[in-house]
Amino acid sequence: MDPITLEVLRGQLDSAAEEMQVTLLKSSYSTIISESLDATSALFDRQGNTVAQAVSIPIHLGVLAELGTRFAAAYPAGTAKPGDVYAINDPYAGGTHLPDIAVAAPVFYANELAGYVVTMTHHQDVGGSVPGSTAIKVHDHFAEGLRIPMIRLVKSGLRDDDIIALMMANSRTPDNIRGDLNAQMAACRTGVDRFAAVFEHWGAEAVNEGMDELLAYAERLTRKEIEKIPDGAYHFEDFMDDDGSSADAEPIPFRIKMTVKGSDIHFDFTGTGAQVRTAINNVPYSAISAIYYAIRTLTGDSAPNNDGCYRPVSVHMPKGSIVNPEFPAPINARAVCLRRVIDTVLGVMAQAIPERMTAAHCGQSSLIHVGTVNQATGKRIVATVGGPWMGGMGARSTKDGIDVTDHDASNVFHMPIETSEAELPIRFRRVGLWTDSGGAGEFRGGLGYEEEFEWLDGRGTTTVRRDRHKFAPWGLNGGLGGPLCKTQLARAGGQPQDLAPKGVFDLCPGDRMLLWTTGSGGHGSPLERDPQRVLDDVLDGRVSVAGADEHYGVIIRQGSIDEGRTRLKRSAMLAAAPNRN
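Each chain carries its own residue numbering, running from 1 in the written order of its sequence. Given that this is a predicted model, residues contribute local features only at a pLDDT of at least 70 and side-chain atom pairs are listed and counted only at 80 or more, while totals for whole chains, interfaces and linings are drawn from all residues. Side-chain numbers here rest on the full set of heavy atoms in the structure, without hydrogens or water.

*Asks:* Give me the packing of helix α4 (residues 161-169) against helix α5 (residues 174-202): which residues, what numbers.
*Replies:* For the pair α4 and α5, the least separation of the axes is 8 Å and the interaxial angle reads 135°. Relative to α5, α4 is oriented oblique. Every pair of crossing elements has a handedness; the one defined by α4 and α5 is right-handed. Contact residues: α4 offers Ile164, Met167 and Met168, while α5 offers Pro174, Ile177, Arg178, Leu181 and Met185. Tallied by class, the residues present in the contact of α4 with α5 amount to seven nonpolar, no polar and one charged. Fitting a line to C-alpha atoms yields each axis, with helices limited to the stretch in contact; the angle taken between N-to-C directions then spans 0 to 180 degrees. Helix and strand labels come from DSSP, where a helix needs a run of H or I of at least four residues and a strand needs a run of E of at least two; each type is numbered from the N terminus. Each angle gets one of four labels, with under 35 degrees taken as roughly parallel, over 145 as roughly antiparallel, 65 to 115 as roughly perpendicular, and the rest as oblique. Left-handed describes a crossing whose near helix is turned anticlockwise from the far helix through less than a right angle; right-handed describes the clockwise counterpart. In what follows, a contact means two residues having at least one pair of non-hydrogen atoms within 4.5 Å. Residues were grouped as follows: Ala, Val, Leu, Ile, Met, Phe, Trp, Tyr, Cys and Pro as nonpolar; Asp, Glu, Lys and Arg as charged; and all remaining residues, including Gly, as polar.

Here it is, written out as structure tokens:
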């Protein structure tokens, strides 16, 4: 196929995936989908290879690559029927965690199976021991909620309402799960129509040839980028605070060896901590997404968003480790662990190509799920506390990091505090940038945030999944790390007390929760940062006067740089710096 036609085909496939995504987001009930956009849509070929994915959540990259082959194996030509819809959320059979339900449908052209479309969304509640289905401490995977094997929701156009009823019966918010499933099925119908129209336009032979070429093209582009990485073995480690099982629980190591040979790249997690008793374990399909995300950063928009990008990649995750646990280890709170996987992958790549990698990001996505009962109506509510969920993005080799943005493998929107206050009986007292939370460097890390909210009515069962309270995000090339996080709870009329960053507790009227979520690491020596840029940060409230002095050697008096004292301070700091020649 000629390059122009191939690019037109690529655009049509991407457009079909994006239209599915719009249908999904606009039709969903839960605010975690409609407001925060925690959902993904994609197209598969007949073999289950991802050939297009909407611009949405990189965390789902590895999962969709795995689920595509599983859908194709379970419902191949001869088994799949027009009008079918399938579903699965089993983490040990290709999923991520139980709240992420994948819904797929086959696509037919000229009475022949042509491919599949798939949606995956995070459902607000699928049962389990706590509202939101992300308890930290559970006995095993069976206690985490409704596990769905590969099933047909719709057979030849006839929906199985008994299955829908069963799923609703296992959720604290049955209307939401029904509405969100309907949105997924509507998005699949949109995808089936648009994908079939592509076949109608070009014919099966041309489209199948084109999809194969797009997969091969993505592979070639990825291999060219990998070839730019010097051959060799690279190592990196980072740590998670603990597993949340107790106050004195041990830190968890994350270790990676990256081996580059020509255009092939291999990641080995040997030495990473063993699976834990709490629900922060990651199934491999989820953890691999962190690697796929990092590889995709090498090619950017130039490569089609398909499975060809991952053909040069191989991964070893030791059985029984926190990134490849043995069934029935609990996994629903796996997001806090996944952030450390991402940081470690980026860290090992930074050993080889620091100019192309960022310093460590904030290292967490602070989703706080709350379940309560509306005191006036008696209706159960499960929702996510609004405001920022992630802190700062790591500094780059030529630019500062970005303040308080959803970054790396998430790419979701922060929940508006207005939405949260409308759903839950809470009032936000403050939300703002946390001064000095961006790691100092020639290029400063993005800032994190501080937040305080008050619980107003009834009792709320709250799940917290946070980290970086003991191990700060790291800097690169002489850049400094960000500060440690803090989590506090002030009972009604009392003073704030430190709170364990992982756990479940109740909120009562008058209680206040206070969060400080770190920024990210800096890139390059802080003494190389232009003093004028330091002054600008001070005037903007991003850096304090004391922080400018301590970390950057810039002395600021009455809103201006004291140039003489700054030169002396920086000279003294340079002379005292270790390993100076």
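Still more ground to cover, so stick around.
*Asks:* Which residues make up the packing of aromatic side chains, and what values do they have?
*Replies:* What characterises a pair of aromatic rings is the spacing of the ring centres plus the angle enclosed by the ring planes. Here the aromatic set is Phe, Tyr and Trp, taking the six-membered ring for Trp, and pairing holds for ring centres within 6.5 Å; pairs whose planes are under 30 degrees apart are stacked, those over 60 apart are edge-to-face, and all others are tilted. Summed over the entire model, instances satisfying the criterion amount to nine aromatic pairs. Between Tyr92 and Phe327, the aromatic rings sit 5.1 Å apart at their centres with planes inclined by 85°, giving edge-to-face as the arrangement. Taken together, the residues span a long stretch of sequence, with Tyr92 in the loop between β3 (85-88) and β4 (100-109) and Phe327 in the loop between β11 (313-316) and α8 (335-352) at a distance of 235 residues. On the accessibility criterion, Phe327 (40% relative accessible area) is partly exposed. Ring geometry for Phe239 and Phe471: centres 5.3 Å apart, planes at 20°, overall stacked. Of this pair, Phe239 sits in strand β8 (residues 232-240) while Phe471 sits in the loop between β16 (460-465) and β17 (486-490), and the two are 232 residues apart along the sequence. A connected cluster of aromatic rings, assembled from ring pairs, spans Tyr92, Phe142 and Phe327. Counted as over-ring charges are cases with an Arg CZ or a Lys NZ within 6 Å of the ring centre that also lie within 35 degrees of the ring normal. It is Lys486 that lies over the ring of Trp516; its NZ or CZ is 4.2 Å from the centre. Relative accessibility under 20% of the residue-type maximum defines a buried residue, over 50% an exposed one, and the middle range a partly exposed one, all with a 1.4 Å probe and only protein chains included.

*Asks:* Tell me what's going on with the layout of surface pockets, and back it up with residues and numbers.
*Replies:* Within this scheme a cavity is a closed region of a 1 Å grid, computed over the protein atoms alone, that accommodates a 1.4 Å probe without allowing it to escape, whereas a pocket is open but has protein on both sides within 12 Å along at least five of seven lines; lining residues each have an atom within 4 Å of a point. Grid points are joined across faces, edges and corners, and a volume is the space filled by probe spheres set on the points. Quantified by volume, the largest pocket comes out at close to 840 Å³. Looking at the largest pocket, it is lined by 29 residues, and the ones nearest its centre are Pro58, Tyr293, Arg296, Thr297 and Asp301. When contributions to the lining of the largest pocket are tallied by element, the ones reaching two or more residues are α1 (3-27) and α7 (284-299). Grouping the constituent residues of the lining of the largest pocket by class yields 11 nonpolar, 10 polar and eight charged. Asp242, Ser246, Ala247, Ala500 and Pro501 are, among the 16 residues lining the second largest pocket, the residues nearest its centre. The residue makeup of the lining of the second largest pocket, split by class, is six nonpolar, five polar and five charged.

*Asks:* Which residues make up the nonpolar core, and what are the values?
*Replies:* Nonpolar cores were defined as sets of buried Ala, Val, Leu, Ile, Met, Phe, Trp, Tyr and Cys residues, with membership established by side-chain atoms within 4.5 Å. Core analysis: the largest hydrophobic core is formed by 72 residues, its most contacted members being Phe267, Ile280 and Met349. A per-element tally of this core places α8 first, with 11 residues. Among residues more than four places away in sequence, those in contact with Ile280 are Ile136, Met240, Asp242, Asp243, Ile252, Ile322, Pro330, Ala333, Arg334, Val336 and Cys337. If you look at the next biggest cluster of nonpolar residues, it comprises 39 residues, including Leu9, Val126, Leu146 and Cys188.

*Asks:* I'd like a rundown of the pairing of strand β9 (residues 252-261), residues and numbers included.
*Replies:* Inspection of the sheet shows β8 paired to β9 by nine bridges, in the antiparallel sense. Across the sheet, Ala233 pairs through a bridge with Thr259, a residue of β9. Only strands that DSSP links by at least two bridges are regarded as paired with each other. Bridge count between β9 and strand β10 (residues 264-268): five bridges; the pairing is antiparallel. The residue bridging Thr259 from the neighbouring strand is His266, located in β10. Connecting β9 to the next strand, β10, in antiparallel fashion are two residues, including Gly262 with a positive phi near 65°.

*Asks:* Can you explain the sheet that holds β8? Please cite residues and give values.
*Replies:* Reading across the sheet, the four strands line up as β8-β9-β10-β11 and stay open at both edges, with mixed pairing between neighbours. Of all strands in the sheet, those with a lone pairing partner are β8 and β11, marking the two edges. Pairs of neighbouring strands in the sheet enclose a mean axial angle of 15°, with direction left out of account. Relative to β11, β10 runs parallel, the two being bridged by four bridges. Counterpart to Asp268 in the pairing with β11 is His316. Where α7 meets the sheet, it contacts β10 and β11, and its direction lies at approximately 150° from that of β11.

*Asks:* Can you break down empty space enclosed by the protein residue by residue, with the values?
*Replies:* Inspection of the entire model under this criterion finds two cavities of 30 Å³ or more. Each pocket or cavity is described by its volume, and for the largest cavity that value is around 210 Å³. If you trace the largest cavity, you find 16 residues lining it, with Asp38, Ile59, Arg334, Ala335 and Leu367 closest to the centre. When its residues are assigned to classes, the lining of the largest cavity shows six nonpolar, five polar and five charged.

*Asks:* Would you mind going over α8 in detail, with residue names and values included?
*Replies:* Given a helix with a known number of residues, its expected span is that number minus one, times 1.5 Å. For α8, with 18 residues, the first-to-last C-alpha span of 27 Å sits near the 26 Å given by 1.5 Å per residue. For α8, a buried count of 17 out of 18 residues is recorded, marking the element as mostly surrounded by other parts of the structure.

*Asks:* I'd like a description of the environment of Val55, backed by residues and values.
*Replies:* Position of Val55 relative to the elements: it lies in the loop between β2 (50-53) and α3 (61-74). With 438 residues separating them along the chain, Val55 and Gly493 place their C-alpha atoms 46 Å apart. Ignoring sequence-local partners within four residues, the contact set of Val55 consists of Glu18 and Asn411.

*Asks:* An account of the side chain of Ser30 is needed here, citing residue identities and associated values.
*Replies:* Topologically, Ser30 is positioned in the loop between α1 and α2 (31-34). In this structure the side chain of Ser30 is engaged in a polar contact, spanning 2.5 Å, whose partner is the side chain of Asp180. What Ser30 contacts, discounting residues up to four positions off in sequence, is Gln124, Asn176 and Asp180. The term polar contact refers here to a pair of N or O atoms within 3.5 Å; inside protein, the definition further demands a hydrogen-donor-capable atom paired with an acceptor-capable atom, and it admits residues adjacent in sequence only when both atoms are side-chain atoms.

*Asks:* Before we move on, can you summarise the pattern of salt bridges with the specific residues and values?
*Replies:* Side-chain pairs of opposite charge can arise whenever the charged atoms involved come near each other. What counts as a salt bridge is simple: a side-chain nitrogen of Lys or Arg found within 4 Å of a carboxyl oxygen of Asp or Glu. Counted by the stated rule, this structure contains 41 salt bridges. Measuring nitrogen to oxygen at the nearest pair gives 3.2 Å for the salt bridge that ties Asp400 to Arg533. Of this pair, Asp400 sits in the loop between β13 (380-384) and α9 (417-423) while Arg533 sits in helix α10 (residues 531-540), and the two are 133 residues apart along the sequence. The class for Asp400 is buried, based on a relative accessible area of 13%. One salt-bridge network, in which partners are shared between bridges, spans Asp238, Asp242, Arg340, Asp343, Asp467, Arg468, Lys470 and Lys502.

*Asks:* Run through the sheet that holds β16, naming residues and quoting values.
*Replies:* Pairing is antiparallel across the open sheet formed by four strands, whose spatial order is β13-β12-β16-β19. With one partner strand each, in any of the chains shown, β13 and β19 (502-507) form the two edges of the open sheet. With strand direction ignored, the average angle separating the axes of adjacent strands in the sheet is 15°. As defined by bridge partners, strand β12 (residues 369-373) adjoins β13 across five bridges and the pair is classed as antiparallel. Across the sheet, Val373 pairs through a bridge with Arg380, a residue of β13.

The values reported here are purely geometric and, on their own, carry no functional implication.
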